[in-house]
Amino acid sequence: MSRMKVHRSSQELQDTIEGYKMLIEEQKKEIFNLKQIASENEKNINLLQGYKKVIQDLSSKLRKDS
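A quick note: this is a predicted structure, and the numbers were derived from the prediction, not measured.

Participant: Would you mind showing me how to read the overall build of the protein chain here?
Facilitator: Within the protein chain one finds one helix and zero strands. Here the protein chain holds 66 residues, and 0% of them are scored as buried. Of the roughly 6900 Å² that the protein chain leaves accessible, carbon and sulfur atoms contribute 58%.

In structure tokens form, the structure reads like this:
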């Protein structure tokens, strides 16, 4: 089985490298945005747990007072 060599010009290789660099930058931005969303979600989960605790405490207090 023979292999065919693919000859690419220096410009083609440079263009490919630049394309990969652009792709990496876009992926870095996407990762940053996803980390921001994950952080915001964690904050919201903590808030929700706090609200849940307050509601449980108030409900418990209301039942005692009744």
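Here the narrative resumes.
Participant: Can you help me understand the pattern of salt bridges in this one?
Facilitator: Two side chains that carry opposite charge are able to pair once their charged atoms sit near each other. Tallied over the entire structure, the rule returns four salt bridges. For E25, the salt bridge identified is with K28, shortest N-O distance 3.6 Å. Of this pair, E25 and K28 both sit in helix α1 (residues 10-65), three residues apart, which is roughly one turn of the helix. When the shortest N-O distance is used, the salt bridge between E26 and K29 registers 3.5 Å. One end of the pair, E26, and the other, K29, are both in helix α1, three residues apart, so they sit about a helical turn from each other. Taking relative accessible area as the criterion, E26 reaches 46% and is therefore assigned partly exposed. We classify K29 as partly exposed; its relative accessible area is 48%.

Participant: Looking at this model, I keep getting lost on a nonpolar patch on the surface. Mind explaining?
Facilitator: Side chains of L47, Y51 and I55 sit close together on the surface and give an oily, nonpolar patch of about 320 Å² of accessible area. Along the chain, L47 turns up in helix α1. Looking at L47, the relative accessible area reads 40%, which means it is partly exposed.

What counts, and at which threshold
Per-chain numbering applies: the sequence of each chain, read as written, is numbered from 1 onward. Selection of residues for local features in this predicted model requires a pLDDT of at least 70, selection of side-chain atom pairs for listing and counting requires 80 or more, and totals for whole chains, interfaces and linings are taken over all residues. The basis for the side-chain values is all heavy atoms of the structure; hydrogens and waters are excluded. The secondary structure listing takes helices from DSSP runs of H or I that are at least 4 residues long and strands from runs of E that are at least 2 residues long, numbered from the N terminus. With a 1.4 Å probe rolled over the protein chains alone, any residue whose accessible area is under 20% of its type maximum counts as buried; one over 50% counts as exposed, and the rest are partly exposed. All accessible areas in this document rest on Shrake-Rupley with a 1.4 Å probe, and a residue is counted as covered only by the protein chains that are shown. A pair is scored as a salt bridge if a Lys or Arg side-chain nitrogen falls within 4 Å of a carboxyl oxygen belonging to Asp or Glu. Every patch collects residues that have over 30% relative accessible area and no salt bridge, joining them within 9 Å if they carry like charges and within 5 Å if they are nonpolar side chains (Val, Leu, Ile, Met, Phe, Trp, Tyr).

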